[in-house]
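If you want the building blocks of each chain, they are given just below.
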Amino acid sequence: MFDWLVVGAGFAGCVLAERLATQRGERVLIVDRRPHIGGNAYDRYNEDGLLIHEYGPHIFHTNSEMVLNYLSKFTTWRDYTHRVLAYVDGHLVPIPINRTTVNQLYGLSLETDEEMAAWLAARAEPVGRIETSEDVVVSKVGRELYEKFFRGYTRKQWGLDPSELDKSVTARVPTRTDTDDRYFADKYQVMPKHGYTRMFQAMVARANITVMLQAGYQEIRHLIPHKRVIYTGQIDEFFDFRFGRLPYRSLRFAHLTLDAPSHQAVAVVNYPQTEEFTRVTEYKYLTGQAHPKTAITYEYPTAEGDPYYPVPRPENQERYGLYEALARATPDVWFVGRLATYRYYNMDQVVGQALATFRRIDETVPRQEKPAAASGPWNGTLAELPGP
Ligand code: FAD
Ligand code: UDP
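What comes next concerns the included structure. Sequence order sets the numbering: in each chain, residues are counted from 1 along the sequence as written. Whichever chain is written first becomes A and whichever ligand is written first becomes 1, with later ones labelled in order. In keeping with the model being predicted, local features are shown solely for residues with a pLDDT of at least 70 and side-chain atom pairs are shown and tallied solely at 80 or more, while totals for entire chains, interfaces and linings include all residues. Computation of side-chain values: all heavy atoms of the structure, hydrogens and water removed.

### Concerning the pattern of salt bridges
- By salt bridge we mean one thing: a side-chain nitrogen of Lys or Arg within 4 Å of a carboxyl oxygen of Asp or Glu. Summed over all chains, the structure comprises 23 salt bridges.
- D180 is the salt-bridge partner of R182, the closest N and O atoms lying 2.8 Å from each other.
- Between buried and exposed lies partly exposed: a residue is buried under 20% and exposed over 50% of the maximum accessible area for its type, with that area taken using a 1.4 Å probe on protein chains only. The partly exposed category is assigned to R182, whose relative accessible area is 27%.
- It is possible to trace a salt-bridge network through shared partners that takes in R24, E26, D362 and R367.

### Description of the layout of surface pockets
- The way it works is a 1 Å grid over only the protein atoms, where trapped points that fit a 1.4 Å probe form a cavity and open points with protein on both sides within 12 Å along at least five of seven lines form a pocket, and then any residue with an atom within 4 Å of a point lines it. Grid points are joined across faces, edges and corners, and a volume is the space filled by probe spheres set on the points. For the second largest pocket, the calculated volume is near 330 Å³.
- Breaking the lining of the second largest pocket down by element, the ones donating at least two residues are α11 (314-328), β17 (333-335) and α12 (347-364).
- Within the lining of the second largest pocket, the residues separate by chemical class into eight nonpolar, four polar and four charged. Labels follow the DSSP assignment, with helices taken as runs of H or I lasting at least four residues and strands as runs of E lasting at least two, numbered in each case from the N terminus. Throughout this entry, Asp, Glu, Lys and Arg are counted as charged residues, while Ala, Val, Leu, Ile, Met, Phe, Trp, Tyr, Cys and Pro are counted as nonpolar. The remaining residues, Gly among them, count as polar.

### Some remarks on the packing of aromatic side chains
- Side-chain rings of Phe, Tyr and Trp, where Trp is taken by its six-membered ring, are said to pair if the distance between their centres is within 6.5 Å; with planes under 30 degrees apart they count as stacked, over 60 as edge-to-face, and otherwise as tilted. This model, assessed by the stated rule, comprises 28 aromatic pairs.
- With a centroid separation of 5.8 Å and an interplanar angle of 15 degrees, the aromatic rings of Y217 and F238 are classed as stacked. One end of the pair, Y217, is in helix α8 (residues 217-220); the other, F238, is in helix α9 (residues 235-238), with 21 residues separating them in the sequence. F238 shares its class with Y217; the two are buried.

### Quick word on the site of ligand 2
- Neighbouring residues of ligand 2: 16 residues in total, closest T154, R172, Y183, Y309 and Y344.
- A distance of 2.9 Å separates an oxygen atom of ligand 2 from a polar side-chain atom of W158.
- The side chain of Y183 places a nitrogen or oxygen atom 2.5 Å from an oxygen atom of ligand 2.
- Coverage of ligand 2 by the protein chains reaches 94% of its 520 Å² of free accessible surface.
- When contributions to the shell around ligand 2 are tallied by element, the ones reaching two or more residues are α5 (133-158) and α6 (167-170).
- Among the elements that take part in the shell around ligand 2, α5 stands out by supplying six residues, more than any other. Consider each residue's heavy atoms; a residue with any of them within 4 Å of a molecule or strand counts as near. Whenever a nitrogen or oxygen atom comes within 3.5 Å of another N or O atom, the pair is scored as a polar contact, on the condition that within protein one atom can donate a hydrogen and the other can accept it, and that pairs from neighbouring residues in sequence are kept only if both atoms are in side chains. To be clear on the numbers: accessible area is Shrake-Rupley with a 1.4 Å probe, and residue cover counts the displayed protein chains and nothing else.

### Quick notes on the nonpolar core
- Take the buried residues of types Ala, Val, Leu, Ile, Met, Phe, Trp, Tyr and Cys, join any two whose side-chain atoms come within 4.5 Å, and each joined set is a nonpolar core. Ranked by size, the top nonpolar core spans 74 residues in total, and within it F11, L71 and F149 carry the most contacts.
- F11 has contacts with A41, L71, Y196, M199, F200, M347, V350 and V351, leaving out every residue within four places of it along the chain.
- Among the nonpolar cores identified, the runner-up in size contains 36 residues, and F2, V31, V229 and Y248 belong to it. Only heavy atoms matter for contacts: two residues are in contact if any of them lie within 4.5 Å across the pair.

Structure, rendered in structure tokens:
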């Protein structure tokens, strides 16, 4: 009998499994339908020995010392500051839009923050209530820059016009009046030194955590006795799509190795005006790996496929609200993570949410009377269960 069945071996599932196993000494089974742990942050060495991110570039950034300290139990870090260029009007210019972007694109020499602020103010369109992803950009930089940098990229990425998406989507990308060309402004920007998968392995390597891969919750839930569930998959699927499907946007990744030491000037180049893919990632910048070849990934947005992004817009929020109410009324199941809470969360936010969930569990769920020995071997066996 497991104390916990954790569905999903991504950040949400692994953090909770680790906390429940080490802080409460409880027996945890993690299941994932994929053949690996790590969820969308999974990385691996490809056939040429280059470390790549199977599900697109994952850059760790956070302002939370608590989250960083927690993950630091399982990995050391390498410093990495993320920079992105956008291919616009035949130029490669910094995104987020900053003073350098405008100077390069328009052949200007704006020298101060004030000059740049005035230049933007002259173009910004007044918007009464900022509600959509179009509003948030045109009200800051005007329509021309909006169309060059945001409209096409967003239509490709989401299959929707920015006017159909909540403001929070494009608001992820700031506008700057200085020459700061970092993609993220967070206090801590680091990458796990030996990759994400190694970090996840360190989290779950406990005698009282069992990991079962290529196993879907729906298939095993009645076969494996367990007391409680942590669910990190799609919330609509958990409830058999009772209120209809929640849209999740997907991507197709084209992974390539090039027989050259480097391909582009920075880790990520965005293509807001041209191409069918949204961006190209070159991993060596993220990993610091020295190698005579280089690995890159193209991202092609799709409607079908693995669920990667919740789609923030009012009607989806409303439908999620129906599922959330059901979730609240479902005893002994905790819904955590990007898919289960239908939130466009970064990795650090998911870790923060999982740690907060653990605190709530620890306050409300009585600990089992006789804790499993956290360091001794686990005696149970899954051998009698059907294979994948
Ligand atoms: P997931 O990682 O999705 O894990 C859920 C797991 O549950 C999956 O492995 C899935 O197979 C499994 N599962 C689902 N349903 C079932 C079921 N019924 N039975 C069994 N298993 C099931 N964040 C950043 O902070 N920085 C970045 O640079 C960044 N880049 C990103 C780039 C891309 C292309 C994408 C898609 C996301 C990016 N993110 C980034 C976000 C990051 O991936 C997520 O915040 C994080 O991985 C979410 O963790 P999770 O545990 O909630 O979900
Ligand atoms: N975006 C854009 N042009 C860009 C970069 C981002 O239009 O060059 C918009 C787009 O809608 C994207 C959103 O801003 O989905 C958030 O960008 P981010 O880089 O945070 O996306 P993620 O890394 O989560 O895919």
